[in-house]
Number of protein chains: 2
Amino acid sequence: MAYHQCTVHPEKVEEVARGMQAPQTLDRMSAFLKVVADPTRLRIVNALLMGELCVCDLAALLGMEHSAVSHQLAVLRKNAVVSVRQAGKVKYYSLSDDHINTVFNVTLTHVNE
Amino acid sequence: MAYHQCTVHPEKVEEVARGMQAPQTLDRMSAFLKVVADPTRLRIVNALLMGELCVCDLAALLGMEHSAVSHQLAVLRKNAVVSVRQAGKVKYYSLSDDHINTVFNVTLTHVNE
DNA sequence: ATAACACATGAACGCACGTTCATATGAACC
DNA sequence: GGTTCATATGAACGTGCGTTCATGTGTTAT
């Protein structure tokens, strides 16, 4: 059976529609949340909460290939979640923003409630 | 060329490893973030910030099929993001938690910085 | 300058996940 | 009880995305 046109409340819908964030804002929010939602990247963020780390140590910490870690770091970089500091051959990554800290902690308390 | 075992700093890695959240905690955090990272579900959350809505009005607001909305609401329900109140044939959805409000607003200010 | 090290990037494979179509449940009204 | 309305659920299809493998870039040291 096909779907019917149900009884909508147009005034209510329009009121809420006006209160909605702009589409491109929601897209950026969605993109950011997707970035930190990935388990591997969330573990990287968790680690970097305690200070900067090089790719090498991150790979050892997570028990992953350098390549995999580097790919995830590229995603985090392109979304301005982490920053890089180069010292010789080694690159040290750190969180570039304080909001990530907040999001992490609020999410943490939410799942622990 | 294959990857070499690079020069790790074991004491640093172990220190950070001790400070990491438990794996199941990170998994729950990841799962929650994935739920709200989806564009459609984020729009639903945005709408419900302004008060409860029925499936019918949500479908009209989002310009989607009832079925698609209902599927996403099921995901949000199973992850305790929304609650249902039934009034006759109609089911009204609302945010079940205040943390979601916080996560939404912090994320919003982050992408606007 | 050549080699070894630390990391980045490109491409391809595999799978999870959102959408869609179809069907099912459940409530209210006749 | 049968029909209509409001929502839920099942299954299959398509695609985006994370992983892996292979190769590339850049830096230091000899």
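All values derive from a computational prediction rather than experimental measurement.

Trainee: Quick rundown of the interface of chain B and chain A? Include the residues and the values.
Mentor: Interface size is often expressed as the accessible area that is lost when the parts come together. Each partner contributes to the interface: chain B provides 53 residues, whereas chain A provides 53 residues. Regarding the contact of chain B and chain A, the summed buried area is about 5,000 Å², with carbon and sulfur atoms giving 73% of it. Looking at the side of chain B facing chain A, the largest losses of area belong to Met29(B), Leu33(B) and His110(B), adding up to 11% of the total buried there. Linking chain B with chain A are zero salt bridges.

Trainee: Can you break down the relation of the copies chain B and chain A residue by residue, with the values?
Mentor: Mapping chain B onto chain A calls for a rotation angle of 180° and an axial translation of 0.0 Å; the resulting RMSD is 0.0 Å. What the rotation and shift describe, once combined, is the action of a two-fold rotation axis. An overlap of 100% is found between the interface residues of chain B and their copies at the interface of chain A, pointing to a shared contact surface.

Trainee: Which residues make up the sheet that holds strand E1 (residues 53-54) of chain B, and what are the values?
Mentor: Residue and element names in this part refer to chain B. Spatially, three strands are ordered E1-E3-E2 in an open sheet, and the strand pairing comes out antiparallel. On the outer flanks of this sheet lie E1 and strand E2 (82-87), each paired with one strand and no other. Here six bridges tie E2 to strand E3 (residues 90-95), and the two strands are oriented antiparallel to one another. Bridge assignment links Val82 to a residue of E3, and that residue is Leu95.

Trainee: For unusual backbone geometry, give the residues involved together with the corresponding values.
Mentor: Backbone phi values are negative for most residues with the exception of glycine, while trans is the configuration of most peptide bonds. Residue Ala80(A) is not a glycine yet carries a positive backbone phi of 60°. Looking at the element boundaries, Ala80(A) is found in the loop between helix H5 (66-78) and strand E2 (82-87).

Trainee: Give me the side chain of Ser30(B): which residues, what numbers.
Mentor: In this fold, Ser30(B) is placed in helix H2 (residues 23-37). Overall, Ser30(B) belongs to the buried group, its relative accessible area being 4%. A polar atom in the side chain of Ser30(B) sits 2.5 Å from the backbone oxygen of Ala37(A). Those residues in contact with Ser30(B) that lie beyond four places of it in its chain are Ala37(A), Asp38(A), Pro39(A) and Leu42(A).

Trainee: Could you give an account of the confidence of the model for chain A, naming the residues involved and the relevant values?
Mentor: When the pLDDT values of chain A are averaged, the result is 92; 96% of them are 70 or greater. Element-level mean pLDDT values for chain A span from 92 in helix H1 (residues 10-19) of chain A up to 98 in helix H3 (residues 39-48) of chain A.

Trainee: How would you summarise the nonpolar core if you had to cite specific residues and measurements?
Mentor: In a soluble, globular protein the nonpolar side chains are often hidden away together inside. Among the nonpolar cores identified, the biggest contains 67 residues, and Phe32(A), Leu73(A), Val81(A), Phe32(B), Leu61(B) and Val81(B) are the most heavily contacted of them. Here Val81(A) is in contact with Phe32(A), Val35(A), Val45(A), Leu76(A), Ser94(A), Leu95(A), Ser96(A), Asp97(A) and Ile100(A), once residues within four sequence places are set aside.

Trainee: I'd like a description of the packing of helix H2 (residues 23-37) of chain A against helix H3 (residues 39-48) of chain B, backed by residues and values.
Mentor: At a closest axis distance of 10 Å, the pairing of H2(A) and H3(B) adopts a crossing angle of 120°. Here H2(A) is positioned oblique relative to H3(B), judged by the angle of their axes. The interaxial crossing formed by H2(A) with H3(B) has right-handed handedness. From H2(A), Leu26(A), Met29(A), Ser30(A), Leu33(A) and Lys34(A) reach across to H3(B), where they touch Pro39(B), Leu42(B), Arg43(B) and Asn46(B). The class makeup of the residues in the contact of H2(A) with H3(B) is five nonpolar, two polar and two charged.

Trainee: Tell me about helix H6 (residues 99-112) of chain B, and name the residues and values.
Mentor: Taking 1.5 Å of rise per residue, 14 residues should cover 20 Å, and H6(B) covers 20 Å from first to last C-alpha, within 8% of that figure. Those residues of H6(B) that sit buried are Ile100(B), Val103(B), Phe104(B), Val106(B), Thr107(B), Leu108(B), His110(B) and Val111(B). Where the residues of H6(B) are buried, they touch H2 and helix H6 (99-112) of chain A together with H2, H3 and E3 of chain B.

Trainee: Help me get a handle on the sheet that holds E2(A), residues and values and all.
Mentor: All names here are of chain A. On the basis of which strands lie adjacent, the open sheet formed by three strands has the order E1-E3-E2 and antiparallel pairing. Each of the sheet's edge strands pairs with one partner strand only, and the pair in question is strand E1 (53-54) and E2. H5 rests against E2 and strand E3 (90-95) of the sheet, and its axis sits at about 115° to E2.

What counts and how
Residues numbered from 1 in each chain as written. Chains lettered and ligands numbered in written order. Predicted model: local features only at pLDDT ≥ 70, side-chain atom pairs only at ≥ 80, totals over all residues. Heavy atoms only, no water. Contact = heavy atoms within 4.5 Å. Buried area = accessible area lost by both parts, 1.4 Å probe. Salt bridge = Lys/Arg side-chain N within 4 Å of Asp/Glu carboxyl O. Least-squares fit on C-alpha atoms with pLDDT ≥ 70 in both. Pairing = 2+ DSSP bridges. Helix = DSSP H or I, 4+ residues; strand = E, 2+ residues; numbered from the N terminus. Buried < 20%, exposed > 50% of the residue type's maximum accessible area, 1.4 Å probe, protein only. Polar contact = N/O pair within 3.5 Å; in protein donor to acceptor, adjacent residues only side chain to side chain. pLDDT = per-residue confidence, 0-100. Core = buried A, V, L, I, M, F, W, Y, C linked by side-chain atoms within 4.5 Å. Axes fitted to C-alpha atoms, helices over the stretch in contact; angles between N-to-C directions. Parallel < 35°, antiparallel > 145°, perpendicular 65-115°, else oblique. Left-handed = near helix turned anticlockwise from the far one by under 90°. Nonpolar A, V, L, I, M, F, W, Y, C, P; charged D, E, K, R; others polar. Expected span 1.5 Å × (residues − 1).

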